[in-house]
Amino acid sequence: MDDKSSKPEIDINQPEYYINRDLSLLAFNRRVLAQAKNEQVPLLERLNYLCISSSNLDEFFEVRVASIIEMAEIDPKAVGVDGFTPGEQLEQISTHAHALVDEQYQVLNDVLIPELAKENIRFIRRKDWSPIQHKWLEKYFNQELMPILTPVGLDSAHPFPRILNKSLNFIISLTGKDAFGRNSGRAVLQAPRSLPRVIRLPQTETHSGPYDFVFLSSVIHAFVNELFHGMTVKGCYQFRVTRNSDFFVDDDAIDDLLLAVEGELAMRNYGDEVRLEIDAECADDTVEFLLDRFNLTEDRLYRVNGPVNLNRAQELSALITDRPDLKFPTFKPSTPAQFGRNKDMFAAIRRNDILLHHPFEAFTPVVEFLRQAAVAPEVLAIKQTLYRTGADSPIVAALIKAARAGKEVTVVIELRARFDEKANIDLASKLQEAAVHVVYGVVGYKTHAKMCLVLRREGGELRNYVHLGTGNYHPKTAQLYTDYGLFSCDKELGEDVRRVFAQLTSLGKVTKLNKLLQSPFTLHKALLDKIEREIHHAENGKPAKIIIQVNAVVEDQLIKAFYRASQAGVVIKLIVRGVCCLRPGIPGLSENIEVRAIVGRFLEHARIYVFHNDGNREVFASSADLMSRNMFKRVEICFPIENKKLQMRILHDLDWYLQDNNQVWLLQPDGSYQRAKLKEGGETIQAQTMLLRELQG
């Protein structure tokens, strides 16, 4: 009989027990790309997945790779918990990213384009244009493109132009002399972003089918000589530069955050270069010329066999309107019976807490909640956080209507929501014009919490109604992202939300909260304490279990706590959409941990924490992932689901994810992901499909 005490103790601080965050993020994009090859997915949606993987990779270079490059310059010997220095990370990223890009273009050229052609959706190559198509495209070039194109011949009077981040460009080799006797041998042509990247050919009886397309780059290649009369075009090659698009605002050195963010936005498109994509056929001397111009090394060069702006192929889906068989079937989200037509939202919430699960259930009750609050004479004040929503949102319209009706309306807008900064600046201006009190949160911390508070006077007393969510107040993403939202008028919960808003809008010390957990103050410690409690139960022979659904698991103290819990015998089920730095299934360390990743029709976005607690189950929903930034550098909330019926509903939903055997990937100890294999004769289970069946209207 083995003596546990005789087993060698595992040092959980060793770097081999941690997966590099950025390699894990690239692995997520591989799972997205796998959907483009999945024959169970409708064909146009497969193309969309390919484009999403490309768009995700753009952001990866703009933010993650850019930050590692900066770290390599500032502190090249810095070592993360995974043991990598910045330079080693960049080497690994280059290897994995090049393989991913090669696979993207292989999927496009060898899988999707042939499959689309079978459905009479064709990308016509230049060599295959018929005379009639050639004539139509030549006319299109002369009338629609040439008037707005501005080629720049490179010489001492025309230096190499500033290249906009992620824009489509062409480097052109020339011989001969122009009207002024000039010829530097090279020119650069920038394609305006307003131009469509996919052009639909008109249908004819003999030459074009109902859905024949050409890429903009092909048209420019074919007729670029029209831009250089009297000269000969020897070569024309598309290229694209990705730049550092993250920006830094020194919170201690600014007086006006809005002005500072506006100033940084102006420079975003011209940050340091981090990647060069170029036509695979481009001549070596031209490649060297561009690498030198952008001060990039060979490892940051990506030769591609297709359009360099691959994600713009997503335009195709909008151009094909009469092939529903090639897209996901439409569905109608349901509305809880408590919120039936013309129902008083506040009366319904007074009766019971109400939980919504988007997109299976409609987002409209959230909008209606604010619409009714805007016009109800009993409502005195509305307070709301907005991270991503858009200036034309019905949420914003309701807030403006409330302010104009004389109600006290306060909105906390996070100006630094990455890539939504411009939209949020516009939103702030629009709300301020309507006399809404607009604040930008807390200096040094992003406000990521999703909460709304409505204060009503009822029967001589004030009552707080709250909506708390795991996702943004964005009606469009609520149709694409899975998230939970809770309506409640619980007195202590309402008071907690009021206190958090007071923190965000005024100055003062941290106040004690009754039920909410909050970053950067109590959430991290509370999660650690709850994990330790499960460890204590397991060590005392009691059932111990943790179920967590999040977008990312990165924060090392929490990972170490999971490892200790697994060693103590706690059963841990993690449903992690994206990055996971924890290694499950290692004997003696993490054999009681399972990590599952779901990639399906909807983007998994909910954050749920469940602790068994010796039968006194605790269920929380949150705006926070298990990342350092969420724990320490953002204002986040984590709210309890106390109603037993709602708890059981969330557990039921999670059970579908834990049973999924079709859209699930299982993280292996070596950091790779493997699709779950359906047992012979077993029933196929897709969590998102099952939830659609149960919840859609």
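For the structure, check the block above.
Let us look at the structure shown here. (Residues numbered from 1 in each chain as written. Predicted model: local features only at pLDDT ≥ 70, side-chain atom pairs only at ≥ 80, totals over all residues. Heavy atoms only, no water.)

1. Here's the deal with the overall build of the protein
Move 1: Within the protein one finds 18 helices and 27 strands.
Move 2: Here the protein has a C-alpha radius of gyration of 28 Å; the compact-globule value for 697 residues is 26 Å, and the two agree.
Move 3: Its C-alpha atoms put the protein at 85 × 75 × 60 Å along the principal axes.
Move 4: Of all 697 residues assigned to the protein, the portion counted as buried reaches 55%.
Move 5: Residue pairs in contact within the protein that sit at least 24 positions apart in sequence constitute 74% of those at least 6 positions apart.
Move 6: Here the protein has roughly 30,800 Å² of accessible surface; of this, 49% comes from carbon and sulfur atoms.
Move 7: Here the protein contributes 86 positive and 92 negative side-chain charges, whose respective centroids are spaced 5 Å apart. (Helix = DSSP H or I, 4+ residues; strand = E, 2+ residues; numbered from the N terminus. Rg over C-alpha atoms; globule rule 2.2 N^0.38 Å. Buried < 20%, exposed > 50% of the residue type's maximum accessible area, 1.4 Å probe, protein only. Contact = heavy atoms within 4.5 Å. Areas by Shrake-Rupley, 256 points an atom, 1.4 Å probe, with all protein chains shown as cover. Lys, Arg positive; Asp, Glu negative; His and termini not counted. Charge placed at Lys NZ, Arg CZ, Asp CG, Glu CD.)

2. Quick look at empty space enclosed by the protein
Move 1: Taken as a whole, this structure holds four cavities of 30 Å³ or more when the rule is applied.
Move 2: Of the voids in this model, the largest cavity is the one considered here, and its volume is about 120 Å³.
Move 3: In this structure, the largest cavity is lined by 15 residues; those nearest its centre are His358, Phe363, Gly471, Asn472 and Asp483.
Move 4: Broken down by secondary-structure element, the contributors of at least two residues to the lining of the largest cavity are β16 (461-469) and β17 (481-488).
Move 5: When residues of the lining of the largest cavity are assigned to their parent elements, the largest contribution, four residues, is made by β17. (1 Å grid on protein atoms, 1.4 Å probe; cavity = no way out; pocket = protein on both sides within 12 Å on 5 of 7 lines; lining within 4 Å. Points joined across faces, edges and corners; volume = space filled by probe spheres on them.)

3. Looking at a negative patch on the surface
Move 1: A contiguous patch of negative charge, built from Glu88, Glu91, Glu288, Asp292, Glu298 and Asp299, is present on the exposed surface.
Move 2: If you list the elements that add at least two residues to the negative patch, you get α3 (86-118) and α7 (284-293).
Move 3: Tracing the sequence through the fold places Asp299 in the loop between α7 and β9 (301-304). (Patch = residues over 30% accessible without salt bridge, like charges linked within 9 Å, V, L, I, M, F, W, Y side chains within 5 Å. Salt bridge = Lys/Arg side-chain N within 4 Å of Asp/Glu carboxyl O.)

4. Some remarks on the packing of helix α2 (residues 43-74) against α3
Move 1: It is at 11 Å that the axes of α2 and α3 come closest, and there the two elements cross at 165°. Considered as vectors, α2 and α3 are oriented roughly antiparallel to each other. Taken as a pair, α2 and α3 cross one another with a handedness that is left-handed.
Move 2: In terms of residue class, the contact of α2 with α3 is made up of 22 nonpolar, four polar and two charged. (Axes fitted to C-alpha atoms, helices over the stretch in contact; angles between N-to-C directions. Parallel < 35°, antiparallel > 145°, perpendicular 65-115°, else oblique. Left-handed = near helix turned anticlockwise from the far one by under 90°. Nonpolar A, V, L, I, M, F, W, Y, C, P; charged D, E, K, R; others polar.)

5. A few points about the nonpolar core
Move 1: Counting 73 residues, the largest nonpolar core has Ile172 and Leu316 as the members making the most contacts within it.
Move 2: The biggest single contributor to this core is α2, with 13 residues.
Move 3: Contacts of Leu316, omitting those with residues within four sequence positions, involve Leu44, Leu47, Leu116, Ile121, Phe123, Val198 and Phe213.
Move 4: One finds Leu528, Cys580, Val595 and Leu667 within the second-largest nonpolar core, a separate group that totals 53 residues. (Core = buried A, V, L, I, M, F, W, Y, C linked by side-chain atoms within 4.5 Å.)

6. So, the pairing of strand β3 (residues 168-175)
Move 1: Burial runs high along β3: seven of the eight residues are buried.
Move 2: One ladder, built from six bridges, connects β3 with strand β4 (residues 186-191); its direction is antiparallel. Counted as the bridge partner of Ile172 is Ala187 from β4.
Move 3: Both β3 and strand β7 (residues 232-243) contribute to a ladder of seven bridges, which runs antiparallel. Bridging from a neighbouring strand, Ser173 pairs with Gly235 of β7. (Pairing = 2+ DSSP bridges.)

7. Focus on the pattern of salt bridges
Move 1: Tallied over the entire structure, the rule returns 37 salt bridges.
Move 2: Note that Lys515 and Glu642 form a salt bridge whose closest N and O atoms lie 2.8 Å from each other. Placement of Lys515 in the loop between α13 (491-505) and β18 (517-519) and of Glu642 in the loop between β25 (634-640) and α17 (644-659) is noted, with a sequence separation of 127 residues between them.
Move 3: Residue class for Glu642 comes out partly exposed when judged on its relative accessible area of 41%.
Move 4: Put simply, Lys542 and Asp614 hold a salt bridge, and the shortest N to O gap is 3.5 Å. Of this pair, Lys542 sits in the loop between α14 (523-539) and β19 (545-550) while Asp614 is found in the loop between β23 (608-611) and β24 (618-622), placing the two residues 72 residues apart along the sequence.
Move 5: Residue Asp614 is classed as partly exposed on the basis of its relative accessible area, which comes to 32%.
Move 6: Each of Arg350, Glu378, Arg456, Glu458 and Arg463 takes part in a single network of salt bridges with overlapping partners.

8. Brief notes about α3
Move 1: Over its 33 residues, α3 runs 46 Å from end to end, which matches the ideal 48 Å to within 8%, given 1.5 Å per residue.
Move 2: Along its length, α3 shows its largest kink, about 35°, at Leu108.
Move 3: Looking one or two places after α3, you find Asn120, whose phi comes out positive at around 60°. (Expected span 1.5 Å × (residues − 1). Bend = angle between axes of the 7 residues up to and from the residue.)

9. Re the sheet that holds strand β1 (residues 121-123)
Move 1: Overall, mixed pairing links the three strands, which are arranged β1-β6-β5 in an open sheet. Strands with a single pairing partner mark the edges of an open sheet, and in this sheet they are β1 and β5 (198-200). Taken pair by pair, the neighbouring strands of this sheet meet at an average axis angle of 30°, ignoring direction.
Move 2: Strand direction decides the pairing type here: β1 and strand β6 (residues 211-215), joined by three bridges, are parallel. Within the sheet, the bridge partner assigned to Ile121 lies in β6 and is Tyr211.
Move 3: Where helix α5 (residues 216-223) meets the sheet, it contacts β5 and β6, and its direction lies at approximately 60° from that of β6.

10. Description of the sheet that holds β9
Move 1: Across the sheet, six strands lie side by side as β2-β4-β3-β7-β8-β9; this open sheet has mixed pairing. Only two strands of the sheet have a single partner each, and these edge strands are β2 (152-153) and β9.
Move 2: Strand direction decides the pairing type here: strand β8 (residues 273-279) and β9, joined by four bridges, are parallel. The residue of β9 that forms the bridge with Asp279 is Val304.

11. What to know about the pairing of strand β10 (residues 354-358)
Move 1: The element β10 is extensively covered by neighbouring structure, given that five of its five residues are classed as buried.
Move 2: The alternating pattern of β10 places Ile354, Leu356 and His358 on one face and Leu355 and His357 on the opposite face, and all of these are buried.
Move 3: Here five bridges tie β10 to β17, and the two strands are oriented antiparallel to one another. Residue Leu355 lies in a different strand from β17, and its bridge partner there is Leu486.

12. Points about the side chain of Gln518
Move 1: Note that Gln518 resides in strand β18.
Move 2: On the basis of relative accessibility, which here comes to 2%, the residue Gln518 falls in the buried class.
Move 3: For Gln518, the side chain forms a polar contact with the side chain of Gln503, separated by 2.7 Å.
Move 4: With near-sequence residues (within four places) excluded, Gln518 lies in contact with Val500, Gln503, Leu513, Leu523, Val635 and Glu636. (Polar contact = N/O pair within 3.5 Å; in protein donor to acceptor, adjacent residues only side chain to side chain.)

13. Structural notes on the layout of surface pockets
Move 1: There is about 530 Å³ of room inside the second largest pocket.
Move 2: Classifying every residue of the lining of the second largest pocket by side-chain character gives twelve nonpolar, seven polar and five charged.

14. Structural notes on the packing of aromatic side chains
Move 1: Under the counting rule described, the total for this entry stands at 18 aromatic pairs.
Move 2: Relative to Phe213, the ring of Tyr211 lies with its centre 6.3 Å away and its plane at 10°, an arrangement referred to as stacked. Grouping residues by exposure puts Tyr211 and Phe213 together as buried.
Move 3: Between Phe369 and Phe487, the ring centres sit 5.1 Å apart and the planes meet at 65°, which makes this aromatic pair edge-to-face. Taken as a pair, Phe369 in helix α10 (residues 364-375) and Phe487 in strand β17 lie far apart in primary sequence, 118 residues in all. Accessibility assignment for this pair places Phe369 and Phe487 in one class, buried.
Move 4: Following the ring pairs from residue to residue traces out a cluster consisting of Phe339, Phe346, Phe369, Tyr465 and Phe487.
Move 5: One cation-aromatic arrangement involves Arg186 over Phe289; the distance from NZ or CZ to the ring centre is 4.3 Å. (Phe/Tyr/Trp six-rings, centres within 6.5 Å; stacked < 30°, edge-to-face > 60°. Lys NZ or Arg CZ within 6 Å of the ring centre and 35° of its normal.)

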